[in-house]
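A look at the structure
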Amino acid sequence: MSDLDQLTQSLARNLKRWRGERGFTLDALAARSGVSRGMIIQIEQARTNPSVGTTVKLADALGVSITTLLDYEQGPHVRLVPPEQAVRMWSTDAGSHTTLLVGSESGGPLELWSWTLMPGDGSASDPHPEGTTELLHVTAGELTLVVDGQPHAVPAGTSASFEAHVAHEYRNDGDVPVELTMAVSVPPVR
């Protein structure tokens, strides 16, 4: 079975599991997430591999991290994730990419990401649930962070935090690659 097949199967199994644990019908999850009922059915039947955006919307609606949706095993108190098990979530032909390094459900979903943005590339994100916070640290290049339409220059060595319940975007408007590490904290579903 390929990595993509395993990912599709894990997502199908975990989406069903968490939807059941939350007591959400297909219609309720569709309404909460903005993902169509038909798409949720296809995902739960492992008939499609959804976009990162769709996966994020479902995770947010369920109040779990993407890690939880993709990884059935929740390990012991110390969980080591070797580089080959980190999940590449997004990439472009230019070489930009994001990697979900590790996540936790303690106190609400918490995710740690590694990002590379090549010159001219960017990634837009829909608003996350109220109370979501993103922290980031740029280690190379200069990130253009756009939050609720306002651009912010974040040069190497600089950190930023923001409330991510509004539309936001990560862009590399420069001519060298941008490298950054980001943590996302999502409040638990109430």
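Residues numbered from 1 in each chain as written. Predicted model: local features only at pLDDT ≥ 70, side-chain atom pairs only at ≥ 80, totals over all residues. Heavy atoms only, no water.

**So, unusual backbone geometry**
Counted only if it meets this: In DSSP terms, a helix is any run of H or I states spanning at least four residues, a strand is any run of E spanning at least two, and both are numbered starting from the N terminus. The rule is simple: take the accessible area with a 1.4 Å probe, protein chains only, and divide by the maximum for that residue type; under 20% is buried, over 50% is exposed, in between is partly exposed.
For Ala46, which is not glycine, the phi dihedral falls at a positive 55°. Mapped onto the fold, Ala46 is located in the loop between α3 (37–44) and α4 (52–62). Assessed through its relative accessible area of 22%, Ala46 is described here as partly exposed. Its identity is not glycine, yet Asp148 carries a phi of approximately 55°, on the positive side. The residue Asp148 is located in the loop between β6 (142–147) and β7 (150–155) in this model.

**Notes on the packing of helix α1 (residues 3–22) against α3**
Using the following cut-off: A fitted line through C-alpha atoms serves as each axis, taken over the contacting stretch for helices, and the angle formed by two N-to-C directions is quoted from 0 to 180°. By the definition adopted for this analysis, an angle is roughly parallel if under 35 degrees, roughly antiparallel if over 145, roughly perpendicular if from 65 to 115, and oblique otherwise. Every residue pair with non-hydrogen atoms within 4.5 Å of one another is taken to be in contact. Each residue receives one of three labels: charged for Asp, Glu, Lys and Arg, nonpolar for Ala, Val, Leu, Ile, Met, Phe, Trp, Tyr, Cys and Pro, and polar for the others, Gly being one of them.
It is at 7 Å that the axes of α1 and α3 come closest, and there the two elements cross at 120°. Comparing the axis directions of α1 and α3 gives the class oblique. Contacts between α1 and α3 pair Leu11, Ala12, Leu15, Lys16 and Arg19 from the former with Ile40, Ile43 and Glu44 from the latter. Residue composition of the contact of α1 with α3, by class: five nonpolar, no polar and three charged.

**Some details on the side chain of His168**
Heads up, the rule is: Polar contact criterion, stated in full: a pair of N or O atoms within 3.5 Å, where within protein one must be able to donate a hydrogen and the other to accept it, and residues adjacent in sequence count only if both atoms are side-chain atoms.
Inspection of the secondary structure puts His168 in strand β9 (residues 168–171). Since its relative accessible area comes to 3%, His168 is described here as buried. Within polar-contact distance, the side chain of His168 engages the side chain of Glu134 at 3.1 Å. With residues near it in sequence (within four places) discarded, His168 still touches Ser123, Ala124, Ser125, Asp126, His128, Glu134, Val146, Val147 and Phe162.

**What about the pattern of salt bridges?**
So the rule is basically this: Salt bridge, as used here, is a side-chain nitrogen of Lys or Arg placed within 4 Å of a carboxyl oxygen of Asp or Glu.
Applying the stated rule across the entire model yields five salt bridges. With a closest N to O distance of 2.6 Å, Glu44 and Arg19 form a salt bridge. Taken together, the residues span a long stretch of sequence, with Glu44 in helix α3 and Arg19 in helix α1 at a distance of 25 residues. Taking relative accessible area as the criterion, Arg19 reaches 16% and is therefore assigned buried. For Lys57, the salt bridge identified is with Asp126, shortest N-O distance 3.4 Å. Here Lys57 is found in helix α4, whereas its partner Asp126 is found in the loop between β4 (122–125) and β5 (133–140), with 69 residues between them in sequence.

**Details of the packing of aromatic side chains**
The condition is simple: Each Phe, Tyr or Trp ring, with Trp reduced to its six-membered ring, pairs with another whose centre is within 6.5 Å; inter-plane angles below 30 degrees give stacked pairs, above 60 give edge-to-face pairs, and intermediate values give tilted ones.
All chains considered together, the criterion is met by two aromatic pairs. When the ring of Trp90 is compared with that of Trp115, the centres are 6.0 Å apart and the planes differ by 40°; the resulting orientation is tilted. Pair noted here: Trp90 is in strand β1 (residues 87–91) and Trp115 is in strand β3 (residues 110–117), with a separation of 25 residues, a long-range link. The exposure class of Trp115 is buried, given its relative accessible area of 6%. Note on Trp115 and Tyr170: the rings are 4.6 Å apart at their centroids and 50° apart in plane angle, and the pair reads as tilted. Highlighted residues: Trp115 in strand β3 and Tyr170 in strand β9, separated in sequence by 55 residues. Like Tyr170, Trp115 is buried.

Purely geometric stuff here, so don't read any function into it on its own.
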